[in-house]
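An overview of the molecular structure
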Amino acid sequence: MLKVQGLTKAFKTQLLSPAQVVLTDLSFDIQGQRTTGFVGVNGAGKTTALKCILGFIHPDQGQISFFDQGPLTSEMKSQIGYLPERPYYYDFLTALQFLKFHWDLTGGGAGFEQRAEIVLDRVNLPGVGKKALRSFSKGMLQRIGIAQALLREPKFLIFDEPMSGLDPDGRILIKEIIQDEKKRHTTIFFSSHLLGDMDELCDNLVVINQGKLVYQGALQDFSKGQGVEKSFRDIRQQLGVRQ
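To start, this report covers the structure provided alongside it. (Residues numbered from 1 in each chain as written. Predicted model: local features only at pLDDT ≥ 70, side-chain atom pairs only at ≥ 80, totals over all residues. Heavy atoms only, no water.)

This paragraph deals with helix H5 (residues 138-150). Its 13 residues give H5 an end-to-end C-alpha distance of 19 Å, which sits within 8% of 18 Å, the value for a rise of 1.5 Å per residue. Summarising burial for H5: 10 of the 13 residues are buried, a large majority. Within the sequence span of H5, burial applies to Met140, Gln142, Arg143, Ile144, Gly145, Ile146, Ala147, Gln148, Ala149 and Leu150. As for H5, its buried residues are in contact with strand E5 (80-83), helix H3 (95-105), helix H4 (112-122), strand E6 (156-160) and helix H6 (168-183). (Helix = DSSP H or I, 4+ residues; strand = E, 2+ residues; numbered from the N terminus. Expected span 1.5 Å × (residues − 1). Buried < 20%, exposed > 50% of the residue type's maximum accessible area, 1.4 Å probe, protein only. Contact = heavy atoms within 4.5 Å.)

Here you go:
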């Protein structure tokens, strides 16, 4: 579903200072119909990697291929649902207007009303279609973001810290949605700095530290330390893996 090869990205924070390297020769694969966790401590480079993968920023080096077909195209985008870590909302829009905006961005067409009702129910937001987003709580905004990601029944879901800042009920709901999508054989790739989020959800992990790949493989093997260098033990501890 996704192949990343040699992804490198640096940012220049000041005119005369050297560029800060965020990603270094990062390579990994995401297998179809699997749920893969993208894990690293805060500042490891997860969000930068996802922005490069989705074309929001340009990498300095590297190649990215979707669906074994090559770089991301407009047609491919209609098959991908994405939730950013800090989504920006036009808060004067109602929930239905927000969803219609995203529906039109991904090709428009018939069937919007039915799909909008389905996804609003799915994220436990029935009856809010005419309410302005400015009246939504943080948890409700996170859920409407999930709703737009599910709107087109995508083959591939990419979430950046989908449970960040949610209360326990909100976290349970998002986990249930991910579990439901797993049963539909949707490919899911989501980031977190908490390995506990992955335990009940993921088949595989991609783990990075300081912008470099340190592990790719089964969650169970990572938890046991298999395929993980001894020098990475401290990072495993930060991620909450028991020794």
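The subject of this paragraph is the packing of aromatic side chains. Overall, the coordinates contain 11 aromatic pairs when judged by the stated rule. For the pair phenylalanine 66 and phenylalanine 67, a centre-to-centre distance of 6.1 Å together with 50° between the ring planes defines the contact as tilted. Of the two residues examined, phenylalanine 66 and phenylalanine 67, each falls in the buried class. Connected via pairs of aromatic rings, a cluster forms that spans Tyr88, Tyr90, Phe92 and Phe101. Taking the ring centre of phenylalanine 112 as reference, the NZ or CZ of lysine 100 above it sits at 6.0 Å. (Phe/Tyr/Trp six-rings, centres within 6.5 Å; stacked < 30°, edge-to-face > 60°. Lys NZ or Arg CZ within 6 Å of the ring centre and 35° of its normal.)

For soluble globular proteins, the rule of thumb is that nonpolar side chains tend to be buried together. Residues Leu99, Ile144, Phe190 and Leu205 are the most contacted members of the largest nonpolar core, which totals 43 residues. Of all the elements in the fold, those that place two or more residues in this core are H3, H4, H5, E6, H6, strand E7 (187-192), strand E8 (204-209) and helix H7 (219-224). Take this core: its biggest share by element is six residues, from H5. Setting aside residues no more than four positions away along its own chain, leucine 205 makes contact with Thr36, Gly37, Val39, Leu195, Met198, Tyr215, Gln216, Gly217, Leu219 and Phe222. (Core = buried A, V, L, I, M, F, W, Y, C linked by side-chain atoms within 4.5 Å.)

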